[in-house]
Amino acid sequence: MDGRDWATFLLPYEQTVEELKVKFKTMRSELKKREEYTPIEFVTGRVKRLSSILEKAKRLNVKMEDLEQGIEDIAGIRIMCQFVEDIRRVAEYIRARKDLEVVYEKDYITNYKESGYRSFHMIIRYPVQTALGQKIVLAEIQIRTLAMNFWATIEHSLNYKYRESLPDEIRLRLKTAAEAASILDSEMSSIREEILDAQRTFEDNSNTTTQVLQAIHQLYFYHLVNEAIRCQEEFNVIWQRQDMVAMKVLLERVRGMISRAKKGENTDGV
Ligand SMILES: Nc1nc2c(ncn2[C@@H]2O[C@H](COP(=O)(O)OP(=O)(O)OP(=O)(O)O)[C@@H](O)[C@H]2O)c(=O)[nH]1
Ligand SMILES: Nc1ncnc2c1ncn2[C@@H]1O[C@H](COP(=O)(O)OP(=O)(O)OP(=O)(O)O)[C@@H](O)[C@H]1O
């Protein structure tokens, strides 16, 4: 193949990378609008350089005519997430898409590589619409946390600098650094749970508070004016103390009064 042939060979891959980048960036902004939280932090992509394709083909014994099937990452995108849990969620979104087909997955998070490398990879089949019609190309999606990305970027550049001869001492220190990045991810995940827990508790508390106020309001409807006034005073004290256990007890009591009033029974003293 001469230069022009290579340029045309790479065209569908360039289009694939551009389209996939747009699609996942759009997914990020759409999720941001729909929910308060998006599992996608940012997206990058690249088409493999010609020299890198040829090097890899040589290393993997792939013939020139088999490049399209033999090299799966000529088109590649990378999705960065804040938390490890987000990686599973992004993978689910990808599996559910109708505009691509997942060929296989590689979980380098559970089974991290000897180097310490951690990421979740998906090899997909992507139908790209070219001027000459549809062409199905293979592409790689790497999904990783910010910490995994930080480690892999540094490690990649060191490997590039030292080529095959990365000194053992550096290799070992990189492995230790990968462990540290993984611990950082776990720490961040536990904080994430705390944040979500806090949000859930806040929501639960504000629901109870609203329900108590609505129930007290209903007491007036059943002409239980004195009871309503006393319950309101009790509510004010509990609210000041932010005693959510007492708030739930008050809710049950007021509901009991309403239910007895509905049946036409006498209401016991508040
Ligand atoms: N920085 C870094 N990246 C890695 C490492 N291992 C894999 N990767 C990335 O993940 C891609 C796919 O790796 P593999 O799943 O091992 O795929 P492969 O085609 O069998 O192997 P490669 O020849 O390394 O591409 C690579 O092209 C890199 O972008 C690693 O140890 N360090
Ligand atoms: N799927 C991907 N998405 C975005 N960037 C990638 C992806 N894969 C590799 N890169 C980046 O592209 C640049 C060139 O990588 P290149 O394809 O030569 O290397 P590689 O994928 O790490 O190596 P290999 O030849 O072993 O597949 C590097 O900065 C690399 O981090």
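What counts, and where the lines are drawn
- Residues numbered from 1 in each chain as written.
- Chains lettered and ligands numbered in written order.
- Predicted model: local features only at pLDDT ≥ 70, side-chain atom pairs only at ≥ 80, totals over all residues.
- Heavy atoms only, no water.
- Helix = DSSP H or I, 4+ residues; strand = E, 2+ residues; numbered from the N terminus.
- Expected span 1.5 Å × (residues − 1).
- Buried < 20%, exposed > 50% of the residue type's maximum accessible area, 1.4 Å probe, protein only.
- Near = heavy atom within 4 Å.
- Polar contact = N/O pair within 3.5 Å; in protein donor to acceptor, adjacent residues only side chain to side chain.
- Areas by Shrake-Rupley, 256 points an atom, 1.4 Å probe, with all protein chains shown as cover.
- Nonpolar A, V, L, I, M, F, W, Y, C, P; charged D, E, K, R; others polar.
- UniProt positions renumbered as here; feature names shortened; annotations may be inferred.
- Phe/Tyr/Trp six-rings, centres within 6.5 Å; stacked < 30°, edge-to-face > 60°.
- Lys NZ or Arg CZ within 6 Å of the ring centre and 35° of its normal.
- Salt bridge = Lys/Arg side-chain N within 4 Å of Asp/Glu carboxyl O.

## Some points on helix H5 (residues 146-162)
Then, in step 1: Helix length check: H5, at 17 residues, gives a terminal C-alpha distance of 24 Å against a target of 24 Å (1.5 Å per residue), a fit within 8%.
Then, in step 2: Among the residues making up H5, those that are buried are Ala-147, Met-148, Asn-149, Trp-151, Ala-152 and Glu-155.
Then, in step 3: Backbone geometry just after H5 places Arg-163 at a positive phi near 55°.

## Notes on unusual backbone geometry
Then, in step 1: Even without a glycine there, the phi angle at Asn-61 is positive, about 60°.
Then, in step 2: With respect to the helices and strands, the residue Asn-61 is situated in the loop between helix H2 (50-59) and helix H3 (67-70).
Then, in step 3: A relative accessible area of 71% places Asn-61 in the exposed class.
Then, in step 4: With phi around 60°, His-223 is a residue other than glycine that occupies positive phi space.
Then, in step 5: Relative to the elements of secondary structure, His-223 occurs in the loop between helix H6 (168-221) and helix H7 (225-241).

## Here's the deal with the site of ligand 2
Then, in step 1: With respect to spatial proximity, 14 residues lie near ligand 2, and among them Arg-46, Lys-48, Ser-52, Arg-78 and Glu-140 are the closest.
Then, in step 2: Contact distances for ligand 2 include 3.4 Å between a nitrogen atom and a backbone N or O atom of Gly-76.
Then, in step 3: Taken by itself ligand 2 offers 600 Å² of open surface, and the protein chains cover 72% of this.
Then, in step 4: Along the lines of polarity and charge, the residues of the shell around ligand 2 split into one nonpolar, six polar and seven charged.

## Let's talk about the UniProt feature "domain: RelA/SpoT" (unreviewed entry) in the protein
Then, in step 1: What UniProt calls "domain: RelA/SpoT" (unreviewed entry) maps, in this numbering, to residues 45-166.
Then, in step 2: The span residues 45-166 carries 36% helix and 34% strand; its end-to-end C-alpha distance comes to 26 Å.

## A closer look at the packing of aromatic side chains
Aromatic ring pairs: the centre-centre distance and the angle between the two ring planes describe each pair.
Then, in step 1: This structure, assessed with the given rule, holds five aromatic pairs.
Then, in step 2: With a centroid separation of 6.3 Å and an interplanar angle of 10°, the aromatic rings of Phe-235 and Trp-239 are classed as stacked. One end of the pair, Phe-235, and the other, Trp-239, are both in helix H7, four residues apart, so they sit about a helical turn from each other.
Then, in step 3: You can call Phe-235 buried: its relative accessible area is 6%.
Then, in step 4: Take Trp-239: its relative accessible area is 42%, and that puts it in the partly exposed class.
Then, in step 5: Members of the aromatic cluster, each reached through a chain of ring pairs, are Trp-6, Phe-9 and Tyr-13.
Then, in step 6: For the cation-ring pair, Arg-97 lies above Phe-24, with the distance from its terminal atom to the ring centre recorded as 5.4 Å.
Then, in step 7: When the ring centre of Tyr-108 is taken as reference, the NZ or CZ atom of Lys-113 above it lies at 5.0 Å.

## Brief notes about the pattern of salt bridges
Then, in step 1: By the definition in use, this model includes 21 salt bridges.
Then, in step 2: Put simply, Glu-114 and Lys-175 hold a salt bridge, and the shortest N to O gap is 3.0 Å. Placement of the pair is Glu-114 in the loop between strand S3 (101-107) and strand S4 (120-130) and Lys-175 in helix H6, with a sequence separation of 61 residues.
Then, in step 3: With relative accessibility at 33%, the residue Lys-175 sits in the partly exposed group.
Then, in step 4: Between Asp-168 and Arg-171 there is a salt bridge, with its nearest N and O atoms 3.9 Å apart.

## Considering the site of ligand 1
Then, in step 1: Looking at ligand 1, there are 14 residues lining it, with Arg-59, Lys-106, Tyr-108, Lys-113 and Ser-115 nearest.
Then, in step 2: Lys-56 places a polar side-chain atom, nitrogen or oxygen, 2.7 Å from an oxygen atom of ligand 1.
Then, in step 3: Within the side chain of Gln-142, an N or O atom sits 3.1 Å from an oxygen atom of ligand 1.
Then, in step 4: Secondary-structure elements contributing two or more residues to the shell around ligand 1 are H2, strand S5 (133-145) and H5.
Then, in step 5: At three residues, the largest contribution of residues to the shell around ligand 1 is made by H5.
Then, in step 6: Among the residues forming the shell around ligand 1, the class breakdown is three nonpolar, four polar and seven charged.

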